[in-house]
Amino acid sequence: MAKDSYLVGLIGAGIGPSLSPALHEREADRQGLRYVYRLIDIDTLGVPPEAVGDLVRSARDLGYDGLNITHPCKQLVIEHLDALSAQAEALGAVNTVIFEDGRAVGHNTDVTGFAASFARGLPDVPLERVVQLGAGGAGAAVAHATLTLGAGRVTVVDALADRAADLAAALNRHFGAGRAAHATPDRLPDLLADADGIVHATPTGMAAHPGLPFPAQLLHPRLWVAEVVYRPLETELLRTARAIGCATLDGGGMAAFQAVDAFRLFTGREPDAARMLADIGELAGAVSAPK
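This structure is a prediction, so every number in the text was calculated from the model and none was measured.

Another aspect to go through is the overall build of the protein chain. When you go through the protein chain residue by residue, the secondary structure sums to 11 helices and 12 strands. On C-alpha atoms alone, the protein chain measures out to a radius of gyration of 19 Å, which is about the 19 Å that the 2.2 N^0.38 rule sets for 291 residues. Expressed as a percentage of its 291 residues, the buried residues of the protein chain come to 50%. By sequence separation, contacts in the protein chain at least 24 residues apart represent 69% of the contacts at least 6 residues apart. When the accessible surface of the protein chain is totalled, it reaches about 12700 Å², and 53% of it is carbon and sulfur. Each charge class in the protein chain can be summarised by its mean position, and for the 24 positive and 34 negative side chains these summaries are 3 Å apart.

What follows is about the pairing of strand β3 (residues 66-69). The alternating pattern of β3 places Gly66 and Asn68 and Leu67 and Ile69 on opposite faces, both of which are buried. Where β3 meets strand β5 (residues 96-100), three bridges bridge the pair, whose relative direction is antiparallel. Among the inter-strand pairings, Asn68 is bridged to a residue of β5, identified as Thr96.

In this section: unusual backbone geometry. In this chain, His71 is followed by Pro72 through a cis amide linkage whose omega measures 5°. On the secondary structure map, Pro72 appears in the loop between β3 and β4 (83-84). Backbone geometry at Asp101 places phi at a positive 55°, although glycine is not the residue there. With respect to the helices, strands and loops of the structure, Asp101 is situated in the loop between β5 and β6 (103-107).

Attention now moves to the packing of aromatic side chains. Here the distance between the centres and the angle between the planes together describe a pair of aromatic rings. Under the defined criterion, the tally for this structure stands at four aromatic pairs. Between Tyr6 and Tyr35, the ring centres sit 6.2 Å apart and the planes meet at 45°, which makes this aromatic pair tilted. Remark: Tyr35 occurs in strand β2 (residues 34-41) and Tyr6 occurs in strand β1 (residues 5-12); sequence separation between them is 29 residues. Put simply, the rings of Tyr6, Tyr35 and Phe263 touch in pairs and so form one group of aromatic residues.

Criteria and thresholds
- Residues numbered from 1 in each chain as written.
- Predicted model: local features only at pLDDT ≥ 70, side-chain atom pairs only at ≥ 80, totals over all residues.
- Heavy atoms only, no water.
- Helix = DSSP H or I, 4+ residues; strand = E, 2+ residues; numbered from the N terminus.
- Rg over C-alpha atoms; globule rule 2.2 N^0.38 Å.
- Buried < 20%, exposed > 50% of the residue type's maximum accessible area, 1.4 Å probe, protein only.
- Contact = heavy atoms within 4.5 Å.
- Areas by Shrake-Rupley, 256 points an atom, 1.4 Å probe, with all protein chains shown as cover.
- Lys, Arg positive; Asp, Glu negative; His and termini not counted.
- Charge placed at Lys NZ, Arg CZ, Asp CG, Glu CD.
- Pairing = 2+ DSSP bridges.
- Phe/Tyr/Trp six-rings, centres within 6.5 Å; stacked < 30°, edge-to-face > 60°.

Structure representation (structure tokens):
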């Protein structure tokens, strides 16, 4: 018999403004579930990211049904889990942990979340040459998703050259030689001139990090632009790109669809993706609105 009461949480740093509790609890309310989503902020607790293993064990012992994991713990948590989904293993990052039969099993819904959002929002764009800016945790997920969607080649650009090189190497191991390359930001003018689209996966454009991640003159109307940032939903990059005629995708879809997949994993119930998409628009819009 299906449960009707759930306790889940989010482990990460500086997660006070997270929309995840509201997103999950709204959908649970509509389904008639008792559903408590708690924030477990390592900054508030005063513990280092390496404490994630202890926090996961404590949550399991306290009867949690599962956890979301975010920066900076997505890689660190892996050694403390009993098993990984194929997606999480390929990615080397976990953003969702399910407790079942006393075991902690890691999943990654960032990949499926971005893929679902992209397929819905930019269904017919060319994917032969894709540039991705950012090779961190979100970057690894969206690069996997973009190649899964059929991109011919993804060039990963990051200010940390080793991080870009490591991600490109991992992508080539998983998808086949030549599917990924890496570059430093000084090569963006040449790369974007020939690209079909760019995926932006750095914090630039967030409320705390306003601005453009690269000069506006590098954009051109043939380029599609996909954003990972969702607070605000309309970043300066998206606003600038739309103004010159680029097809664009905001980060709200990824946030909603990764929550859809996590909710399904936590409860075994089918969430309403359309309602959760509407929720993210309302919640992020309310946060972004001037006070």
